[in-house]
Number of protein chains: 2
Amino acid sequence: METISSARPVASPTGVTAAAVSAVRPLGVDAALVTGGWWAHRQRRISEVSIPDGRRQLEEAGNLENFRVAAGASSAEIRGPVFADSDVYKWLEAAAWEYARQPDADLLDAQLEITRLIAAAQQDDGYVNTVIQVRGDRYRNPARDHEHYCAGHLFQAAVAQSRCTGRDELLDIATRFADHLVDTFGPGRRQDVDGHPVVEMGLVELFRQTGRRAYLDLAHYFVEARGHGLTTRYGGNATYLSDRVPVRAATTVEGHAVRAVYLTAGATDVAVETGDTELIETLGRQYAAMVESKQYVTGGLGARWEGEAFGDPYELPSDRAYAETCAGIGAAQWAWRMLLATGEARYADQIELLLYNAVMPGISLSGDEYFYVNTLHLREGSHADNERTAAGGRHRWFDCACCPPNVMRTVAQLGGYLATTSDAGLQLQQYTDSRITAELPGGEFTVAVSTRYPWDGNVRVVVETAPTGDVELALRVPAWAAGATVDGVPVAAGEYARARRTFQAGDEVVLELPFEASVISSHPRVDATRSSVALRLGPLVYAIEQADQPGVVLDELRVDPAAPITAHHRPELLGGVNVLSVPVRGSGGDLSATAIPYFAWANRGVAPMRVWIPTA
Amino acid sequence: METISSARPVASPTGVTAAAVSAVRPLGVDAALVTGGWWAHRQRRISEVSIPDGRRQLEEAGNLENFRVAAGASSAEIRGPVFADSDVYKWLEAAAWEYARQPDADLLDAQLEITRLIAAAQQDDGYVNTVIQVRGDRYRNPARDHEHYCAGHLFQAAVAQSRCTGRDELLDIATRFADHLVDTFGPGRRQDVDGHPVVEMGLVELFRQTGRRAYLDLAHYFVEARGHGLTTRYGGNATYLSDRVPVRAATTVEGHAVRAVYLTAGATDVAVETGDTELIETLGRQYAAMVESKQYVTGGLGARWEGEAFGDPYELPSDRAYAETCAGIGAAQWAWRMLLATGEARYADQIELLLYNAVMPGISLSGDEYFYVNTLHLREGSHADNERTAAGGRHRWFDCACCPPNVMRTVAQLGGYLATTSDAGLQLQQYTDSRITAELPGGEFTVAVSTRYPWDGNVRVVVETAPTGDVELALRVPAWAAGATVDGVPVAAGEYARARRTFQAGDEVVLELPFEASVISSHPRVDATRSSVALRLGPLVYAIEQADQPGVVLDELRVDPAAPITAHHRPELLGGVNVLSVPVRGSGGDLSATAIPYFAWANRGVAPMRVWIPTA
């Protein structure tokens, strides 16, 4: 195999090779650390609660035992869905990122123990998939069986383990499997694509980590082979499986939401590494079309329960929003890759929107309960008819448990999303207490960020180490932050405020983002939220929940969008949140409704909730 | 078996025994005939196109061959879903009603030929179900396998064949099967209910036809046994299967819409025959709750694709309306039974609403293409991702072909819904050119109805034969017809206009229903159609369709609900319909949109359509 000559990238959450065509680059694994504030608190819960609990759940649900069965070390029945292995891989990836954040011998042992289970199950030719091995029907139905999907998550976990712990045991398993895939699929070999994308991202990252070009080539093949109905030969629904329209020809997203955004994220990886600027532009138009007509105000994606799918343009019901937690994560991964490719602030805005309002609603404040589906409206009288129904409340785990470990890995790797770098300087993308280091041509550039974000908009950046010569410090000004200033000077929203100069240690730059509650109307073609408004303060979308207005019928409330909405911080509520006081009219007359951040809903039992409130 | 002494009822579409507690009774099979007008035209299409084509489809899809396989006369593979037999039974029922309408030797031969197929497949103990017989797993999973469901449709078909053709071959098959069920299920025997109700209606009708009380008792058992989660022992979802809440304790409908209304219809049959007035009252409250918060303006039922189910109260999206054709039919069956039980005009109003606007949209004007799902809104840019998606247009048949023969039997038996009788007199329930005869204590009462309904509201009733003494002629005044008159005298809408006197042959009564277009707003709790209006003229709900406004973006139109809407008849359009001219504002300025009856949409190709139009 050809090995490219560039240095092996050690980066988080994605590497980008030196040969790649990207506007900005990720930082190294240890180069951006959350040091405090809201995200630090959420990372602590992931570390202390979610990851240990997740391991227990994987043991209880049989996912780990499956590997013992496949290895011949257990005679138990294989349990769980065909993609059961992938939940183990996502947990391993979460554990790896968590280890990078905070090295811990026990956590490393746990990873290596599970890695040994996988090694024992792996077959001589590199293939590993516990369910399929036991069933004995390898590659029988690519539309259904998720074999590449599981492989893709293995590759991502392996790269994370290598980057974060320095151990290559999982990487060895991954490359053996990847080599087998290279020998089996692609031009001149078997022409097939998996029903569920993710192997594309996994292969490109494995290429970035190992330098083996064949992995990128196979990812490239998988991206280009889609959209020609290969899966329909196995009875697959081409729309559902992102196989109806070639990625290059698509004008928007459609079908199963997670599949769709995993595919476009992988396609972006391929485009960046192959320098395919035309494909990047196409993907940018698709992203914009998704935002325009297929994304909820929360960032949530997927309007249909049937097929966990995107709806038609402007089909965005609140009550039946699917907005799968995994779809929010997948979109954030896509946005991150588009940000690297283009350097455009709108993608960092998307990551902010998605993480706060589409991903974090999927995990309880306690860190051990999850939503798979994130509704924007729960009515009185609703009852749970399956494990995904909001009326049933959050769940400890699911029969289809894709979301919980997906949240874990996302939060554990959050530091990686905070900033990017380029030869010109450093770009701060997300705001939380943090310390960030970029290696620039003139030396190390380290800044400490302090802020109460997402509870106020004051962001103080202090230079700790400065490189020699002029460099650029770019601060993202979110599109919602009209009226922002840097050091008192007005700056435009929706782009970067850039300061280019020679910095000194101790220099301070202060970004001030206006934190005023605002009302949002939906596009006039969205029928489901016509004559209604949603509420926003800073990066957060708000919701009214029954717990804060006992005895009031939420569905009867009407709001005057011109009435003044006030905000204040409630440190005792829901771990400390800003709440909004919203003048409304109900059947009992005028009252002031309290709105809480949407991510915090359903942490005090489950009762009616609305994100969109009808206007008077 | 006990045989009750009352005369064997010969009635359409349901019999009611003399011992039953009902306010009004059905007429005999030949006692109410459509003689002309719109319904006659539709019946002709069913007769000339749908029924012959349906038989071909059942042969092509394997449903008929399955009986040959089960009888050992064919070695073909069993094809179709587990409930494949039921489509044959519904077709047989349609053919029977059609035969009553218009006796035809070939049609009788066709029925008897298929009946012989069924007889050959029937097992010695009376059981017959082709899929299960070949699979060899009788009663293995009542939650899933539809064995009673198929039996119920067999019973309905058998009663229809007996009543309409006088031939009892199918009835013999049915009673043997029913006897087997009586021996197998119920108190002291196997305690189970089928995942899909309909056997309750079938058993009661079989009781009515044969007088065998055990059939009623078993139906009674099946109704009472539901709602205690019996199906969950087989992995069934109790909500979906109408098995979460006992019928007697329910306050509304939930779960799979067809299952829910078939069950309540069967429960109504049981309540009427057992004199259970408390259950009738409970069912009446459930019906009212359904109308209040779970029924579309079209009468359509089922807001969710997921599980083909009722949503939460007020969850009524237009774009994702499921509104399965079969659910409209099931609701009409329930309404008919509630009408018999109570004699309340609101149930006849429901039948009118349902037949015109929830059932007939499910079949093309040509009579050979169907909608399974009846959306109320199709957007530009939608594409078909499965056979039920509106964007794919109407289909000749479906893999799950429950709806086509269900429409056939409903239209073929339409005469039966036109009128009811009681000792007091005759009640005219539905208006079309027709001849109706009731047997009253004072003799035969025959009236001829002539009208251009549903195109105007003038209904002329001429007495052809009058009984001796005073009798009551009751004319339903639909709730939408405020301002109606009988012979020039104002009468109240939403109830019956009753004339009690001694009629003479040649007497004439003229009902005049105001036919003025009106706008309808939805309940303020319905989010999906907030600030929008639907259009109605007479019994018909209207829609705007792309074909009538080329080049206009329907989703951008806004209507001023106070602007005058005019109506006129277009004999050349869609078989002759009233259209509405609606002043609207679009992106290109003011224009007059043309609205057509909703039932007629998607007969000129498939393109965007809206029932609800946003207000300016």
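Every chain begins its residue count from 1, and numbering advances along the sequence as written. The naming scheme follows written order: chains are lettered A onward, ligands numbered 1 onward. Totals for whole chains, interfaces and linings use every residue, but because this is a predicted model, local features are given only for residues with pLDDT of at least 70 and side-chain atom pairs only at 80 or more, for both listing and counting. Here the side-chain values reflect all heavy atoms present in the structure, with hydrogen atoms and water set aside.

### A few points about the overall build of chain A
Piece 1. Helix and strand assignments come from DSSP, with helices taken as H or I runs of at least 4 residues and strands as E runs of at least 2, each series counted from the N terminus. Within chain A one finds 14 helices and 22 strands.
Piece 2. At 23 Å, chain A has a C-alpha radius of gyration in line with the 25 Å of a compact globule built from 616 residues.
Piece 3. Along the longest, intermediate and shortest principal axes, the C-alpha atoms of chain A span 70 × 65 × 50 Å.
Piece 4. We call a residue buried when its accessible area falls under 20% of the maximum for its residue type, exposed when it is over 50%, and partly exposed in between, using a 1.4 Å probe and counting protein chains only. Buried positions account for 65% of the 616 residues belonging to chain A.
Piece 5. For chain A, the computed accessible surface area is about 19500 Å², with 48% contributed by carbon and sulfur atoms.
Piece 6. Lys and Arg are tallied as positive, Asp and Glu as negative. Neither His nor the chain termini are counted. Each charge is placed at NZ for Lys, CZ for Arg, CG for Asp and CD for Glu. Distance between charge centres in chain A, computed from 55 positive and 77 negative side chains, equals 2 Å. Computation of the radius of gyration draws on C-alpha atoms, with the globule rule given as 2.2 Å multiplied by the number of residues to the power 0.38. Here, Shrake-Rupley sampling with a 1.4 Å probe gives the accessible areas, and only protein chains in the shown set may cover a residue.

### What about the packing of helix H7 (residues 169-184) of chain B against helix H9 (residues 213-225) of chain B?
All names here are of chain B.
Piece 1. Put simply, H7 and H9 touch, their axes get as near as 10 Å, and they point 55 degrees apart. In terms of orientation, H7 lies oblique with respect to H9. Once H7 is placed against H9, the crossing between them reads as left-handed. Mapping the contact onto sequence places Thr175, Ala178, Asp179, Leu181 and Val182 in H7 and Ala214, Tyr215 and Leu218 in H9. Axis definition: a line fitted to C-alpha atoms, over the contacting stretch in the case of helices. Angles run 0 to 180 degrees between N-to-C directions. Convention used here: angles under 35 degrees read as roughly parallel, angles over 145 as roughly antiparallel, angles from 65 to 115 as roughly perpendicular, and any remaining angle as oblique. Crossings are sorted by hand: turned counterclockwise from the far helix by less than a right angle, the near helix makes the crossing left-handed, and turned clockwise it makes it right-handed. In this analysis, two residues are considered to be in contact whenever any of their non-hydrogen atoms come within 4.5 Å of each other.

### Some points on the packing of aromatic side chains
Piece 1. To pair, rings of Phe, Tyr and Trp, with the six-membered ring standing in for Trp, must have centres within 6.5 Å; the planes then decide the type, stacked if under 30 degrees apart, edge-to-face if over 60, and tilted in the middle. One pass over the full model with this rule turns up 50 aromatic pairs over all chains.
Piece 2. Ring geometry for Phe185 of chain A against Phe222 of chain A: centres 6.2 Å apart, planes inclined by 55 degrees, an arrangement best described as tilted. With Phe185 of chain A in the loop between helix H7 (169-184) and helix H8 (199-210) and Phe222 of chain A in helix H9 (residues 213-225), the pair connects residues that are 37 residues apart, well separated along the chain. Of the two residues, Phe185 of chain A and Phe222 of chain A, both sit in the buried class.
Piece 3. When the centroid spacing of 6.4 Å and the interplanar angle of 45 degrees are considered together, the rings of Trp455 of chain A and Phe599 of chain A count as tilted. Within this pair, whereas Trp455 of chain A is found in the loop between strand E7 (443-451) and strand E8 (458-465), its partner Phe599 of chain A is found in the loop between strand E20 (589-597) and strand E21 (609-610), the two being separated by 144 residues in sequence.
Piece 4. Accessibility expressed as a relative area gives 11% for Trp455 of chain A, which makes it buried.
Piece 5. On the basis of relative accessibility, which here comes to 1%, the residue Phe599 of chain A falls in the buried class.
Piece 6. Joined through ring pairs, the aromatic side chains of Tyr127, Tyr139, Phe155, Phe177, Phe185, Tyr221 and Phe222 of chain A make up one cluster.
Piece 7. Directly above the aromatic system of Trp305 of chain B lies the positively charged group of Arg320 of chain B, at a separation of 4.3 Å from the ring centroid.
Piece 8. In this analysis the charged atom, NZ for Lys or CZ for Arg, is taken to sit over a ring once it is within 6 Å of the ring centre and within 35 degrees of the ring normal. The ring of Tyr372 of chain B has Arg388 of chain B sitting right over it, with the charged end atom 4.0 Å from the ring centre.

### Here's the deal with the packing of H8 of chain A against helix H10 (residues 257-274) of chain A
Residues and elements named next belong to chain A.
Piece 1. One can describe the packing of H8 onto H10 by two numbers: an axis separation of 8 Å at closest approach and a directional angle of 30 degrees. Viewed along their axes, H8 and H10 adopt a mutual orientation that is roughly parallel. Along this stretch, H8 crosses H10, giving a crossing that reads as left-handed. Here H8 contributes Glu200, Met201, Val204, Phe207 and Arg208 to the contact with H10, which in turn contributes Tyr262, Leu263, Ala265, Gly266, Asp269, Val270, Val272 and Glu273.

### Regarding the sheet that holds strand E9 (residues 471-477) of chain B
Residue and element names in this part refer to chain B.
Piece 1. By definition, two strands form a pair when at least two bridges between them are found by DSSP. As summarised here, the arrangement of the 5 strands in space is E1-E4-E5-E9-E12, forming an open sheet in which the pairing is mixed. Looking at the sheet topology across the chains shown, the edges are occupied by strand E1 (25-26) and strand E12 (495-501).
Piece 2. Taken together, the 4 bridges between strand E5 (residues 425-428) and E9 define a ladder with parallel strand orientation. Among the inter-strand pairings, Leu426 is bridged to a residue of E9, identified as Leu473.
Piece 3. The sheet strands contacting helix H12 (residues 325-342) are E1, strand E4 (419-422) and E12, and the helix crosses E4 at an angle near 25 degrees.
Piece 4. Packed onto the sheet, helix H13 (residues 345-359) meets E9 and E12 and runs at close to 50 degrees relative to E9.

### Structural notes on the relation of the copies chain B and chain A
Piece 1. Copies are brought into register by a least-squares superposition over C-alpha atoms of residues with pLDDT of at least 70 in both. If you rotate chain B by 180 degrees and push it 0.0 Å along the axis, it lands on chain A with an RMSD of 0.0 Å. Such values leave the two copies arranged in the relation of a two-fold axis. Residues of chain B ranked by C-alpha distance from the rotation axis are headed by Ala528 of chain B, positioned 2.2 Å from it.
Piece 2. When the interface residues of chain B are mapped onto chain A, 100% of them again fall at the interface, so both copies present the same face.

### Re the UniProt feature "domain: Non-reducing end beta-L-arabinofuranosidase-like GH127 middle" (unreviewed entry) in chain A
Piece 1. UniProt positions are given in the numbering used here, feature names are shortened, and annotations may be inferred rather than shown by experiment. Following the UniProt record, one finds the feature "domain: Non-reducing end beta-L-arabinofuranosidase-like GH127 middle" (unreviewed entry) at residues 426-514 of chain A.
Piece 2. Taken end to end, residues 426-514 of chain A is 0% helix and 56% strand, and its two terminal C-alpha atoms sit 23 Å from one another.

### Topic: the environment of Arg379 of chain A
Piece 1. Along the chain, the position of Arg379 of chain A falls in the loop between strand E3 (377-378) and helix H14 (403-412).
Piece 2. Arg379 of chain A sits in the buried class, given a relative accessible area of 4%.
Piece 3. As for Arg379 of chain A and Arg190 of chain A, which are separated by 189 residues in sequence, their C-alpha atoms are 50 Å apart.
Piece 4. Filtering out sequence-adjacent residues up to four positions away, Arg379 of chain A remains in contact with Asp319, Asp555 and Pro608 of chain A together with Asp312, Pro313, Tyr314, Glu315, Arg525 and Asp527 of chain B.
Piece 5. At 2.8 Å, the side chain of Arg379 of chain A forms a polar contact with the side chain of Asp319 of chain A. Identification of polar contacts relies on pairs of N or O atoms within 3.5 Å, with a donor-acceptor requirement for protein atoms, meaning one able to donate a hydrogen and the other able to accept it, and with residues adjacent in sequence counted only if both atoms are side-chain atoms.

### Points about the side chain of Arg409 of chain B
Residues and elements named next belong to chain B.
Piece 1. Turning to its location among the elements, Arg409 is positioned in helix H14 (residues 403-412).
Piece 2. On the accessibility criterion, Arg409 (1% relative accessible area) is buried.
Piece 3. In this structure the side chain of Arg409 is engaged in a polar contact, spanning 2.8 Å, whose partner is the side chain of Gln156.

### Here we look at unusual backbone geometry
Of all residues except glycine, most have a negative phi; of all peptide bonds, most are trans.
Piece 1. With omega at 5 degrees, the peptide bond leading from Tyr453 of chain A into Pro454 of chain A counts as cis.
Piece 2. Within the chain, His146 of chain A stands out as a residue other than glycine whose phi angle is a positive 60 degrees.
Piece 3. Locating His146 of chain A in the fold gives a position in the loop between helix H5 (130-135) and helix H6 (147-165).
Piece 4. His146 of chain A sits in the buried class, given a relative accessible area of 9%.
Piece 5. Of note in the backbone geometry, Asp487 of chain B takes a positive phi value of approximately 50 degrees without being a glycine.
Piece 6. Its place among the elements puts Asp487 of chain B in the loop between strand E10 (485-486) and strand E11 (489-490).
Piece 7. Asp487 of chain B sits in the partly exposed class, given a relative accessible area of 42%.

### Brief notes about the confidence of the model for chain A
Interpretation of the predicted coordinates at a detailed level should be avoided for regions scoring low in pLDDT.
All names here are of chain A.
Piece 1. In predicted models, pLDDT denotes the confidence assigned by the predictor to each residue on a 0 to 100 scale. Confidence along chain A averages 96 in pLDDT terms, with 98% of residues attaining 70 or more.
Piece 2. Segment residues 1-8: pLDDT under 50, and 17 contacts once partners within four positions in sequence are set aside and those in other chains are kept.
Piece 3. What the predictor reports for the complex is a pTM of 0.96 with an ipTM of 0.94.

### Some points on the environment of Gly300 of chain A
Residues and elements named next belong to chain A.
Piece 1. For Gly300, the location among the structural elements is in the loop between helix H11 (277-293) and helix H12 (325-342).
Piece 2. Since its relative accessible area comes to 3%, Gly300 is described here as buried.
Piece 3. Taking C-alpha positions, Gly300 is 22 Å from Asp555, a pair spaced 255 residues apart along the chain.
Piece 4. Residue contacts for Gly300: discarding those within four places in its chain leaves Lys294, Gln295, Ala323 and Ala358.

### Notes on the interface of chain B and chain A
Interfaces are often sized by the amount of accessible area the parts lose when they come together.
Piece 1. Tallying the contact residues gives 33 residues for chain B and 33 residues for chain A.
Piece 2. Two parts placed together each lose some accessible area under a 1.4 Å probe, and adding up what both lose gives the buried area. For the pair chain B and chain A, the summed buried surface comes to about 3000 Å²; carbon and sulfur atoms form 39% of the total.
Piece 3. Contact with chain A buries area across many residues of chain B, yet Arg379, Arg525 and Arg530 of chain B alone supply 20% of it, more than any other trio.
Piece 4. Every case where a carboxyl oxygen of Asp or Glu lies within 4 Å of a side-chain nitrogen of Lys or Arg is listed as a salt bridge. Viewed at the interface, chain A and chain B are joined by 10 salt bridges.
Piece 5. In this structure, the salt-bridge partner of Arg320 of chain B is Glu315 of chain A, at a minimum N-O distance of 3.8 Å.

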